[in-house]
Amino acid sequence: MSYTLTGKHLIAGEWVAGETTFQSEPAHGPVNTFPVGTPALVDQAAKAAEEAFWTYGYSTREERAKFLNTIADEIDARGDEITEIGTQETGLPEARLQGERGRTVGQLRLFASHILDGAYLDRRYDEALPDRAPLPRPDLRLMQRPIGPVAVFGASNFPLAFSVAGGDTASALAAGCPVVVKGHSAHPGTGEIVAQAIDAAIKKCGVHPGVFSLIQGGKRDVGQSLVQHPMIKAVGFTGSLGGGRALYDLCAARPEPIPFFGELGSVNPMFLLPKAVKARGADLGKGWAGSLTMGAGQFCTNPGIAVVIDGPDADAFVDAAKAALSEVSAQTMLTDGMAETYRSGAKRVAATAGVKEVLTTSCDLRNATPYLFETTGENWLSNHELGEEVFGPLGLVVRVKDVAEMRTIAKSLEGQLTCTLHLDADDAANARSLLPILEHKAGRVLANGFPTGVEVSDTMVHGGPYPASTNFGATSVGTMAIRRFLRPVCYQNIPTDVLPADIAS
């Protein structure tokens, strides 16, 4: 074992033990002991974050960029440790953990570069017009400013990219907001190694230690106290619809309501247009199977629904998907609980009236194997539960009569992270008729691809109308994610030698 754990929380630069502990439940390797978070620790971390805000929130963009890059350096320096404990805790293969680490440090470096550019500040200036009639205009300047301490909830399915130093933490720190992270109990050791990297970066850069805290474990009271703490000004969350909605409601019910940026999942439907299916239905079926089973289907953009016009071409698509899925062996899921929830979801779909089993498998313990079902468009429209996410490698084919029914299916959708069109050149007219519906339903619409895999870039949107996310005007991936933790401030007639440097000139 090459990694070294303290088995403690990190609260404002101090490694703090707890009165009670819990043990990790790794897929393989040693079991480790960690402290259980408490509301008292939340209070300590949130107050330290507020104290840190008065320096960190008003630091220069150059100082924050250096801090982000140093965090990335420190994570890379612990790459072997992270891969070792990450594979043990999650069961994910080494290549996946290495790739996710690259994504995590890549977005930290991208955000550092982005804030140095300064365009994200959206600076605006209306020059004073003292002689304007009938009333003069004052000197007006606008700029985006950090909102204050942010709470982040680590995700179960991405132990790096959406957890301790993931997108929510990186974007909040880039904006100038201190962060309090509630680590996920599925990978507490991985979370601690990353927290060690952030702690080292804080010390190297001379940043106020309250800028970051990690609280391990803890029951519902810890999450509740975190989102309700008066010093916390926003929340970033990736997880289940039920858990996210409960926290969202708590944020809205506070004496001072705060924004809750929750990414809650999606079925990510694909719409296969007739010419494309005729030309390459078998290839589409095989490609869908690969996307559906990637990472045991534990991606929030997993394309669980395929809508296709009934007929021989649809048969070829389904047959190819079934054949490819039949060759997929059991995969280890992230936790025992997620594996059980997946099996329960498969049973729920199989028991729904009008659903036909195409491929059924048997899995137990922490394993997942693929399932494939099909139904009619009419039955889909009459059974709302078929549109509920099953987190894992389960696919449902919806056979429709024609493109008109396909549009009806699209209009019936709840909010999605992604919607996909598979089309050939002769499908363009039908695609144009669907696109306005799909862009109304999803944050990202793609053609002739599969949505698993989210590029971290200036143009990415990872979010969508509820229940895909709780704030469809935002994204949790890409540089625009920084804007979630900023608010516009107008400065009227403030002397330039008093103004913040970023807006003074």
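For the structure itself, consult the block above.
Residues numbered from 1 in each chain as written. Predicted model: local features only at pLDDT ≥ 70, side-chain atom pairs only at ≥ 80, totals over all residues. Heavy atoms only, no water.

Remarks on the overall build of the chain
Helix and strand counts for the chain stand at 15 helices and 21 strands. For 505 residues, the compact-globule estimate of 2.2 N^0.38 gives 23 Å, and the C-alpha radius of gyration of the chain, at 24 Å, lies within 12% of that figure. Overall size of the chain, expressed as C-alpha extent along the three principal axes, is 75 × 70 × 40 Å. Counting all 505 residues of the chain, 57% fall into the buried class. Of all intrachain contacts in the chain linking residues separated by at least 6 positions in sequence, the fraction that spans at least 24 positions is 77%. (Helix = DSSP H or I, 4+ residues; strand = E, 2+ residues; numbered from the N terminus. Rg over C-alpha atoms; globule rule 2.2 N^0.38 Å. Buried < 20%, exposed > 50% of the residue type's maximum accessible area, 1.4 Å probe, protein only. Contact = heavy atoms within 4.5 Å.)

Brief notes about the environment of L140
Along the chain, the position of L140 falls in strand β6 (residues 140-146). Separated by 61 residues in sequence, L140 and A201 have C-alpha atoms that sit 38 Å apart.

Describing the packing of helix α13 (residues 403-412) against helix α14 (residues 428-441)
The geometry of α13 relative to α14 is characterised by a closest axis approach of 9 Å and an angle of 10° between their N-to-C directions. As judged from the angle between their axes, α13 and α14 are roughly parallel. Note on element contacts: α14 touches α13 through N430, S433, L434, I437, L438 and K441, opposite V403, M406, R407, A410 and K411. For the contact of α13 with α14, the class distribution of residues is six nonpolar, two polar and three charged. (Axes fitted to C-alpha atoms, helices over the stretch in contact; angles between N-to-C directions. Parallel < 35°, antiparallel > 145°, perpendicular 65-115°, else oblique. Nonpolar A, V, L, I, M, F, W, Y, C, P; charged D, E, K, R; others polar.)

Structural notes on the nonpolar core
Counting residues in each nonpolar core, the largest one holds 59 residues, and the members touching the most others are F67, I75, V211, F212 and F485. Tallying contributions element by element places helix α6 (residues 188-205) first for this core, with seven residues. Excluding residues within four positions of it along the chain, F67 makes contact with Y56, L173, I198, A201, I202, C205, V207 and V211. Among the nonpolar cores identified, the runner-up in size contains 34 residues, and V267, C363, A368 and W380 belong to it. (Core = buried A, V, L, I, M, F, W, Y, C linked by side-chain atoms within 4.5 Å.)

So, the sheet that holds strand β5 (residues 124-126)
Pairing is antiparallel across the open sheet formed by three strands, whose spatial order is β5-β6-β21. One side of each edge strand has no neighbouring strand; the edge strands of this open sheet are β5 and β21 (486-492). On average, adjacent strands in this sheet sit at an angle of 25° to one another, irrespective of strand direction. Two strands pair when backbone bridges link them, and β5 and β6 are joined in this way by three bridges, in the antiparallel orientation. Bridge pairing in β6 links Y125 to R141. (Pairing = 2+ DSSP bridges.)

Structural notes on the packing of aromatic side chains
For the structure shown, the criterion picks out 14 aromatic pairs. These aromatic residues form a ring-pair network of at least three members: F153, F237, Y248 and F260. Above the face of the F261 ring, R484 is positioned so that its terminal group lies 5.8 Å from the ring centre. (Phe/Tyr/Trp six-rings, centres within 6.5 Å; stacked < 30°, edge-to-face > 60°. Lys NZ or Arg CZ within 6 Å of the ring centre and 35° of its normal.)

Here we look at the sheet that holds strand β8 (residues 179-182)
Pairing within the open sheet is mixed, and its seven strands lie in the order β2-β1-β9-β8-β7-β10-β11. At either margin of the open sheet sits one strand with a lone partner, and together these are β2 (14-16) and β11 (260-263). The sheet shows a mean angle of 20° between the axes of neighbouring strands, taken without regard to direction. Bridge analysis of strand β1 (residues 9-11) against strand β9 (residues 212-215) gives two bridges, and the strand direction is antiparallel. Its bridge partner lying in β9, L10 is registered against L214.

What to know about the pattern of salt bridges
Counted by the stated rule, this structure contains 23 salt bridges. Residue R101 is joined to D76 by a salt bridge in which the shortest nitrogen-to-oxygen separation is 2.9 Å. With R101 in helix α4 (residues 94-117) and D76 in helix α2 (residues 61-77), this pair connects stretches of sequence that are 25 residues apart. The salt bridge involving K233 is made with E256; its shortest N-O contact spans 2.9 Å. In this pair, K233 is assigned in the loop between α7 (220-228) and β10 (234-238) and E256 in the loop between α8 (241-253) and β11, connecting sequence segments 23 residues apart. Judged by its relative accessible area of 23%, K233 is partly exposed. Of the residues examined, E256 reaches a relative accessible area of 39% and is grouped as partly exposed. (Salt bridge = Lys/Arg side-chain N within 4 Å of Asp/Glu carboxyl O.)

Details of helix α1 (residues 39-56)
Here α1 contains 18 residues, and its C-alpha end-to-end distance of 24 Å stays within 8% of the 26 Å for a straight helix at 1.5 Å per residue. Along α1, the positions that sit buried rather than exposed are L41, V42, A45, A46, A48, A49, E50, A52, F53 and Y56. (Expected span 1.5 Å × (residues − 1).)

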